[in-house]
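Structural overview
The residues making up each chain are set out below.
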Amino acid sequence: MAPYGAKARSWQVKDVADFVSTTGLKQYAGAFEGNNIDGKRFMKLNSNQLPQMGIQQFDHMKRIWKKIKAIQEICKKYEHEMGDPEAQLNLHAARIQSLARGKISRQRVEEIKKERKEKERAVLHDQQLKEEALNLVVNEGLAADEAMEEAALKIQQRARGMQDRRRVQELKERGELPGQNRSAKGSPVKAEGSAADMEGLSDEEKAALII
């Protein structure tokens, strides 16, 4: 047999009022009837709503809320154990909403990280550009505008060179570098490359290979 309050979610307004009467505070039963509190609304009640319903005295509010909370817990426990369809549906919906919020939060975190990295790269590039331009002004006597253009060009060339060196290193590690063969065990073995072997590589990659 289900304990009292186990099916509180299906209570009618009168059932809720009868419950309030059992708390020893019968004078507030009318407040619940006046606010049309049925079982579904009863299960969603919280202590902050009681003053709005006319329960102003702190001791009374504390006492009646303790009783309400106990019934809510009994009902939720019973629904969980019995697999109440409506309760299970509500629980499933809550889980979906929680997962959706979590997914959105993770996406936002990744977006923030990406934005931060882009800002850091922009700041670093700006610093490098100013330092390079200053060196050109001091050492080569270039005008400020010319120095900025020349500095930007040099930074771009260095960036391409770094990319080419990384590509050469990857080719070396895979044993796919022109002029490089593999032994029977699969380890790379250097061999003298021809001009044809060097085709397809940029000038920076060729320079990196020679180094």
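Structure report, in brief. The written sequence of each chain sets the order in which its residues are numbered from 1. In keeping with the model being predicted, local features are shown solely for residues with a pLDDT of at least 70 and side-chain atom pairs are shown and tallied solely at 80 or more, while totals for entire chains, interfaces and linings include all residues. Derived side-chain values reflect all non-hydrogen atoms in the structure, with water molecules and hydrogen atoms excluded from consideration.

Our next topic: the overall build of the protein. Within the protein one finds 7 helices and 2 strands. Partly exposed residues are those whose accessible area sits between 20% and 50% of the maximum for their type, while under 20% is buried and over 50% is exposed, using a 1.4 Å probe and protein chains only. The 211 residues of the protein split such that 26% are buried. Considering only contacts in the protein between residues 6 or more positions apart, those separated by 24 or more positions represent 45%. By the criteria applied, helices consist of DSSP H or I runs no shorter than four residues and strands consist of E runs no shorter than two, each listed in order from the N terminus. The contact criterion used is simple: two residues touch if any of their non-hydrogen atoms lie within 4.5 Å.

Before going further, it helps to spend a moment on the side chain of glutamine 72. Tracing the backbone through its elements, the reader meets glutamine 72 in helix α4 (residues 58-82). The exposure class of glutamine 72 is buried, given its relative accessible area of 3%. For the purposes of these results, a polar contact is taken to be a pair of N or O atoms within 3.5 Å, where, inside protein, one atom must be able to donate a hydrogen and its partner to accept one; residues adjacent in sequence count only when each atom of the pair is a side-chain atom. Within the structure, glutamine 72 has its side chain in polar contact with the backbone oxygen of phenylalanine 42 (distance 2.8 Å). A polar atom in the side chain of glutamine 72 sits 3.2 Å from the backbone oxygen of leucine 45.

Glancing now at a negative patch on the surface. A residue counts toward a patch only above 30% relative accessible area and without a salt bridge, and it is joined to like-charged neighbours within 9 Å or, for Val, Leu, Ile, Met, Phe, Trp and Tyr, to nonpolar neighbours within 5 Å. Working definition of accessibility: Shrake-Rupley area with a 1.4 Å probe, residue cover restricted to the visible protein chains. For this document, the term salt bridge refers to a Lys or Arg side-chain nitrogen within 4 Å of an Asp or Glu carboxyl oxygen. Charge convention: Lys and Arg are scored as positive, Asp and Glu as negative, and His as well as the terminal groups of each chain are ignored. Working definition for charges: the position is that of NZ of Lys, CZ of Arg, CG of Asp or CD of Glu. A grouping of Glu140, Asp145, Glu146, Glu149 and Glu150 is seen on the molecular surface, where their side chains present a negatively charged patch. Among the elements that take part in the negative patch, helix α6 (residues 144-174) stands out by supplying 4 residues, more than any other. Tracing the sequence through the fold places glutamate 146 in helix α6.

A contiguous nonpolar patch, built from Leu134, Val137 and Val138 and spanning about 270 Å² of accessible area, is present on the exposed surface. With respect to the element layout, valine 137 can be found in helix α5 (residues 85-140). Take valine 137: its relative accessible area is 34%, and that puts it in the partly exposed class.

Two aromatic rings, drawn from Phe, Tyr or Trp (for Trp, its six-membered ring), form a pair once their centres lie within 6.5 Å of each other, and the interplanar angle then sorts them: stacked below 30 degrees, edge-to-face above 60, tilted otherwise. Inspection of the entire model under this criterion finds 4 aromatic pairs. Taking 5.8 Å as the distance between ring centres and 40° as the angle between the ring planes, the aromatic pair formed by tryptophan 11 and phenylalanine 19 counts as tilted. By the burial criterion, tryptophan 11 is buried, and phenylalanine 19 matches it. Considering the side-chain rings of tryptophan 11 and phenylalanine 42, the 5.5 Å spacing of their centres and the 45° angle between planes classify their relative orientation as tilted.

Turning to helix α1 (residues 13-21), its buried residues number three or more, namely Val13, Val16, Ala17, Phe19 and Val20. Seen end-on, α1 carries its buried residues on one side only, within an arc spanning 155°. The inward-facing, buried residues of α1 contact α2 (29-34), α3 (39-44) and α4. By definition, the arc is the one covered by directions from the helix axis to the C-beta atoms.

For the structure shown, the criterion picks out 2 salt bridges. Ionic pairing is found between arginine 9 and glutamate 79, a salt bridge with its closest N-O pair at 2.7 Å. Of this pair, arginine 9 sits in the segment before α1 while glutamate 79 sits in helix α4; the two residues are 70 residues apart in sequence, bridging distant segments of the chain. In this pair, the class of arginine 9 matches that of glutamate 79, namely buried. With a shortest N-O distance of 3.2 Å, aspartate 18 and lysine 14 are connected by a salt bridge. Of the two residues, aspartate 18 and lysine 14 both sit in helix α1, 4 residues apart, roughly one turn of that helix.

Quick look at unusual backbone geometry now. Its identity is not glycine, yet asparagine 36 carries a phi of approximately 55°, on the positive side. For asparagine 36, the location among the structural elements is in the loop between α2 and α3.

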